[in-house]
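One letter stands for each residue in the lines below.
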Amino acid sequence: MFDVSGRRVLITGAARGIGGAAAERLAAEGARILITDILDDAGEATAAKIRASGGEVHYLHHDVTSENDWAAAVSEAEDKFGGLDVLVNNAGIFFLKSIADTTLDDWRRIHAVNVEGVFLGTKTALPVLTRCGTELAGGASIINISSIAGLIGFPLASAYTSTKGAVRLFTKTTALEAAQLGMKVRANSIHPAVIETDMGEAVVHEMAATGAVGGDNETRQALTMAHPIGRFGQPSEIASAIVFLASSASSYMTGSELVVDGGYTAQ
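Residues numbered from 1 in each chain as written. Predicted model: local features only at pLDDT ≥ 70, side-chain atom pairs only at ≥ 80, totals over all residues. Heavy atoms only, no water.

Colleague: Got a minute to help me understand the packing of aromatic side chains in this structure?
Modeller: In this description, a pair of aromatic rings is defined by centroid distance and the angle of the planes. In the structure shown here, the tally under the stated rule is four aromatic pairs. Their ring planes at 55 degrees and their centres at 5.1 Å tell us that Phe2 and Phe244 sit as a pair that is tilted. Of this pair, Phe2 sits in the segment before β1 (8-12) while Phe244 sits in helix α8 (residues 235-246), and the two are 242 residues apart along the sequence. Using a relative accessible area of 25% as the deciding quantity, one classes Phe2 as partly exposed. Above the face of the Phe95 ring, Lys97 is positioned so that its terminal group lies 6.0 Å from the ring centre. (Phe/Tyr/Trp six-rings, centres within 6.5 Å; stacked < 30°, edge-to-face > 60°. Helix = DSSP H or I, 4+ residues; strand = E, 2+ residues; numbered from the N terminus. Buried < 20%, exposed > 50% of the residue type's maximum accessible area, 1.4 Å probe, protein only. Lys NZ or Arg CZ within 6 Å of the ring centre and 35° of its normal.)

Structure representation (structure tokens):
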């Protein structure tokens, strides 16, 4: 439905979860994929699975908090594909702690990955995206994975919500700056609720550990009921949103937040 054939895509945190699902879906639709992560075994396994299905994919070890690693990742995309059309800033980490129990090291670490990683990726890739965007209907696309935690608050998640709110506004500013400077580059954010991934399981486990609801089963049930649609999301459903924003079908969207949350924030 959304044509991404031939698009050159870099996806961070793509060894598994949302990033892995997006890589599989984009490759199946004909995009050329560079997946990056620090989970090398899982990343190579995801790349092998995509290749076995006929997709074009490469894997690269990549710490998104490292400027050198970002330079290497963008260079790899240029070496393998001759350019870059789509950047998906997906890598992220999560924890639950009260403000009182959150250390400065905790705060800095989650901001380094979730916010500085997005900044460094955008800064490093923007010159290449700008050049390549002139050749694309709708221009190049930056897709930042935020969260419903970037839209509403959650107790015990001050650090995480801070990072996802920062990603939301950084995305809008990137979109406006690119437009003002005449770049054919769009920037949009995606805001999932709880998704059936390893991070989704971490949300359940950490909420259960607070003792606010009960054990894992009770916490999962309570969290499920918080989604009006009656279930957690699937990685493939966020991947569909990523494909849309990577394609020219979203050519009139920039600075937008695409909420894919089973109705969570509609309440």
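Colleague: Help me understand helix α2 (residues 40-52) in this model?
Modeller: Every α-helix carries 3.6 residues per turn, so stepping three or four residues along brings you back to the same face. Helix length check: α2, at 13 residues, gives a terminal C-alpha distance of 18 Å against a target of 18 Å (1.5 Å per residue), a fit within 8%. Along α2, the residues that are buried comprise Gly43, Thr46, Ala47 and Ile50. The buried residues of α2 occupy one face: seen down the axis, they fall within an arc of 100 degrees. Residues of α2 that are exposed and angled more than 90 degrees away from the buried face: Asp41 and Ala52. (Expected span 1.5 Å × (residues − 1). Arc of directions from axis to C-beta.)

Colleague: Mind showing me how you'd approach the packing of helix α4 (residues 104-133) against helix α5 (residues 158-180) here?
Modeller: To characterise two packed helices, one gives the angle between the axes of the helices and the distance between these axes. Direction vectors running N to C along α4 and α5 enclose 15 degrees, while the axes themselves pass 9 Å from each other. Overall, the two elements α4 and α5 adopt an arrangement that is roughly parallel. In this structure, α4 crosses over α5, and the sense of that crossing is right-handed. Across from Trp107, Ile110, His111, Asn114, Val115, Val118, Phe119 and Thr122 in α4, the residues of α5 making contact are Ser158, Ala159, Tyr160, Ser162, Thr163, Lys164, Ala166, Val167, Phe170 and Thr174. Taken together, the residues that form the contact of α4 with α5 break down as ten nonpolar, seven polar and one charged. (Axes fitted to C-alpha atoms, helices over the stretch in contact; angles between N-to-C directions. Parallel < 35°, antiparallel > 145°, perpendicular 65-115°, else oblique. Left-handed = near helix turned anticlockwise from the far one by under 90°. Contact = heavy atoms within 4.5 Å. Nonpolar A, V, L, I, M, F, W, Y, C, P; charged D, E, K, R; others polar.)

Colleague: Looking at this model, I keep getting lost on the pattern of salt bridges. Mind explaining?
Modeller: Side-chain pairs of opposite charge can arise whenever the charged atoms involved come near each other. Summed over the entire model, instances satisfying the criterion amount to twelve salt bridges. Ionic contacts of the salt-bridge type, sharing partners, join the residues Arg168, Lys172 and Glu257 into one network. (Salt bridge = Lys/Arg side-chain N within 4 Å of Asp/Glu carboxyl O.)

Colleague: Is there a simple way to think about the environment of Val64 in this case?
Modeller: One can find Val64 in the loop between β3 (56-61) and α3 (67-81). Looking at Val64, the relative accessible area reads 7%, which means it is buried. It is 7.9 Å that separates the C-alpha atoms of Val64 and Val118, two residues lying 54 residues apart in sequence. When near neighbours in sequence (up to four residues on either side) are disregarded, Val64 contacts Thr12, Trp70, Ala91, Val113, Gly117 and Leu120.

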